[in-house]
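# Structural description and commentary
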Amino acid sequence: MTLTNFSVKQLMELDACTRCGECMNPCPINVQGAADLYIPAEKISMLRRIIGRERGLLGRLLKRNRDMSPQLTTLSENTYLCTLCGRCQQVCPVNIDQRNLWISVRHELVERGHAPAVLDQVIEITRKEHNVLDYPNEERAMWVEFMDDVPDHLYQKERADVLYFVGCIGSFSPAVQEIPTSFLRLLEAAGEDFAVLGEEEWCCGFPLIIAGLPGEAEALRQHNLEKLENLGARTVVFSCPSCYYTWNNYYKLEGVELLHSTQYIHRLITQGRLEIKEIEQTTTYHDPCDLGRGMKVFEPPREVIKAGAKNFVELPQNRERGYCCGGGGDLEMIDADVTNKIACDLLNAVQSTGAQMVVTACQQCKRMLLNSVSTEESAMEIKDIVELVLEKGIFKGGPRKNG
Ligand code: SF4
Ligand code: SF4
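Cut-offs and rules
Residues numbered from 1 in each chain as written. Chains lettered and ligands numbered in written order. Predicted model: local features only at pLDDT ≥ 70, side-chain atom pairs only at ≥ 80, totals over all residues. Heavy atoms only, no water. Domains from an automatic or database assignment. Contact = heavy atoms within 4.5 Å. Buried area = accessible area lost by both parts, 1.4 Å probe. Salt bridge = Lys/Arg side-chain N within 4 Å of Asp/Glu carboxyl O. Buried < 20%, exposed > 50% of the residue type's maximum accessible area, 1.4 Å probe, protein only. Helix = DSSP H or I, 4+ residues; strand = E, 2+ residues; numbered from the N terminus. Pairing = 2+ DSSP bridges. Expected span 1.5 Å × (residues − 1). Axes fitted to C-alpha atoms, helices over the stretch in contact; angles between N-to-C directions. Polar contact = N/O pair within 3.5 Å; in protein donor to acceptor, adjacent residues only side chain to side chain. Parallel < 35°, antiparallel > 145°, perpendicular 65-115°, else oblique. Left-handed = near helix turned anticlockwise from the far one by under 90°. Nonpolar A, V, L, I, M, F, W, Y, C, P; charged D, E, K, R; others polar.

Parsing the protein chain into structural domains produces domain 1 (8-111), domain 2 (118-267) and domain 3 (274-392). Look at where the C-alpha atoms of domain 1 and domain 3 centre, and you get two points 30 Å apart. The partner domain 3 presents 20 residues to the 16 residues of domain 1 that form the contact. In this assembly, domain 1 packs against domain 3 so that about 1,400 Å² is buried in total across both faces, 58% of it on carbon and sulfur atoms. At the junction of domain 1 with domain 3, the criterion picks out one salt bridge.

Have a look at this one:
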């Protein structure tokens, strides 16, 4: 191990693991009955052994030139079979930041040539199309063209106060395109001067960063920042928690406000610019991993839903311990079957509450839940919060106020 991809804190965290096994039960991969090796603690032990053999005193004395390729291959298989949901770290008594640890391990594996072969395709596709889904990027805002009553500029303006950064899944996945169309209508109803970037929006870089390819994400980051500067917007709004997480943690912006849709809507309510009509159905809320555990946004979505829902029920596991939908960590490109099984577990948890509607705040979570509904019989309504608010919101108009 070169160790350059690990912080000192992360190296200390490896030694801090007590092997208590607390992280085993919440891990959605482990719940799928995968081999013991997939327990987070086992990955830490494996990593510790590899580093010890390559860098430790005993390793240097006895096995200095030992080839660790087989161990690295096993570590790679296990490290990429992970949704990066962060549920493991919520229960860890020594607070090991496992999500970031697994990302650093992936980076190290890429540099040592032990990453999954599919990443070569991801690099090629992203360099060519500026998204990881392999769609022509000039079709990124085609969903706007399918809407009725849109202005000739299709919301792609030269200047605007607010940028709506849509994200790849919302832009290209027909199953969830109601999310960007609803958020766009919502911004209009709120009287916002906003724009979308259309084909000039490039992937935020999140799928590359978490795959261990931060260098590949750099051109995307620089391009998006340049477009933001040209637009002159001082606020960026997101309906995708992963884009919101990435802009907050990797874009290094100053003087620009970043708001997830849940925070933006919550602000409209607290400013008296929006009311929510009664929601008749018993409703529950699923915390998206990148919004909840990732960005600690737990209460705004609940307050928005509760403003209308008289019967709100929590999922058995919620907030910091909320479920994973299976759609994170690039797992879908590694093992779509495991992804779908995790989504079915989430649907089962939702059904156990007796709720008639589950609201979430992420296009990937909604997509995963829709997939699991098609495999399991269910009458459950599945909505993103922006769809719910567009349907139930009464907008009061008036000028936009910050703060
Ligand atoms: S981040 Fe999630 S999937 Fe990955 S090891 Fe931790 S609990 Fe398991
Ligand atoms: S919960 Fe933390 S200390 Fe316990 S085995 Fe898992 S990583 Fe190690």
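Glancing now at the pairing of strand 7 (residues 357-360). Of the two faces of strand 7, the one carrying Met-357 and Val-359 and the one carrying Val-358 and Thr-360 are both buried. Here three bridges tie strand 6 (residues 283-285) to strand 7, and the two strands are oriented parallel to one another. Residue pairing in the sheet places Tyr-285 in a bridge with Val-359 of strand 7. In this sheet, strand 8 (residues 381-384) lies alongside strand 7 in parallel orientation, the contact comprising four bridges. Following the sheet pairing, Val-358 is matched in strand 8 by Ile-382.

With that settled, the discussion passes to helix 5 (residues 69-80). The end-to-end C-alpha separation of helix 5 is 16 Å, in line with the 16 Å expected for twelve residues at 1.5 Å each. Where helix 5 is concerned, the buried positions are Leu-72, Leu-75, Ser-76, Asn-78, Thr-79 and Tyr-80. Along its buried surface, helix 5 packs onto helix 3 (40-55), helix 7 (98-111), helix 8 (118-129) and helix 17 (331-334).

Moving on, we come to the sheet that holds strand 7. Read across the open sheet, the three strands follow the order 6-7-8; overall the sheet is parallel. Edge positions in the sheet fall to strand 6 and strand 8, since each of these pairs with one other strand and no more. Adjacent strand axes in the sheet meet at a mean angle of 25°, parallel and antiparallel pairs treated alike. Contacts from helix 20 (residues 385-392) reach strand 7 and strand 8, with the element oriented near 90° to strand 8.

What follows covers the environment of Arg-221. For Arg-221, the position within the fold is in helix 13 (residues 214-231). Its relative accessible area of 16% is what places Arg-221 among the buried residues. Separated by 16 residues in the primary sequence, Arg-221 and Gly-205 place their C-alpha atoms 6.7 Å from one another. Residues contacting Arg-221, with those up to four places away along its chain left out, are Tyr-250 and Tyr-251. A polar atom in the side chain of Arg-221 sits 2.8 Å from the side chain of Glu-218.

Another aspect to go through is the side chain of Asn-131. Along the chain, the position of Asn-131 falls in the loop between helix 8 and helix 9 (142-145). Within polar-contact distance, the side chain of Asn-131 engages the backbone nitrogen of Leu-133 at 3.0 Å. Here Asn-137 takes part through its side chain, which lies 3.3 Å from a polar atom of the side chain of Asn-131. Setting aside chain neighbours within four positions, we find Asn-131 in contact with Ile-125, Thr-126, Asn-137, Arg-140, Cys-168, Phe-172 and Cys-203.

Here the focus is the packing of helix 1 (residues 8-16) against helix 3. Interaxial distance between helix 1 and helix 3 falls to 9 Å at its minimum, and their mutual angle equals 115°. The orientation of helix 1 relative to helix 3 falls into the category roughly perpendicular. The chirality of how helix 1 crosses helix 3 is left-handed. In this structure, helix 1 uses Leu-11, Leu-14 and Asp-15 to contact helix 3, whose residues at the interface are Ile-44, Leu-47, Arg-48 and Ile-51. Partitioning the contact of helix 1 with helix 3 into residue classes produces five nonpolar, no polar and two charged.

So, on to the side chain of Asn-30. Here Asn-30 lies in helix 2 (residues 28-31). Taking relative accessible area as the criterion, Asn-30 reaches 15% and is therefore assigned buried. Of note is the side chain of Asn-30, whose polar atom sits 2.9 Å from the backbone oxygen of Met-24. Ignoring sequence-local partners within four residues, the contact set of Asn-30 consists of Met-24, Asn-25 and Ile-39.

Judged by pairing direction, the sheet is parallel, and its four strands sit side by side in the order 2-1-3-4 without closing on themselves. Each having just a single partner strand, strand 2 (194-195) and strand 4 (257-260) make up the two edges of the open sheet. Two elements, strand 1 (residues 162-165) and strand 2, share two bridges in a ladder whose sense is parallel. Bridging from a neighbouring strand, Leu-163 pairs with Ala-195 of strand 2. The strands touched by helix 14 (residues 241-250) are strand 1, strand 3 (235-238) and strand 4; relative to strand 4, the strand with the most contacts, the crossing angle is about 160°.

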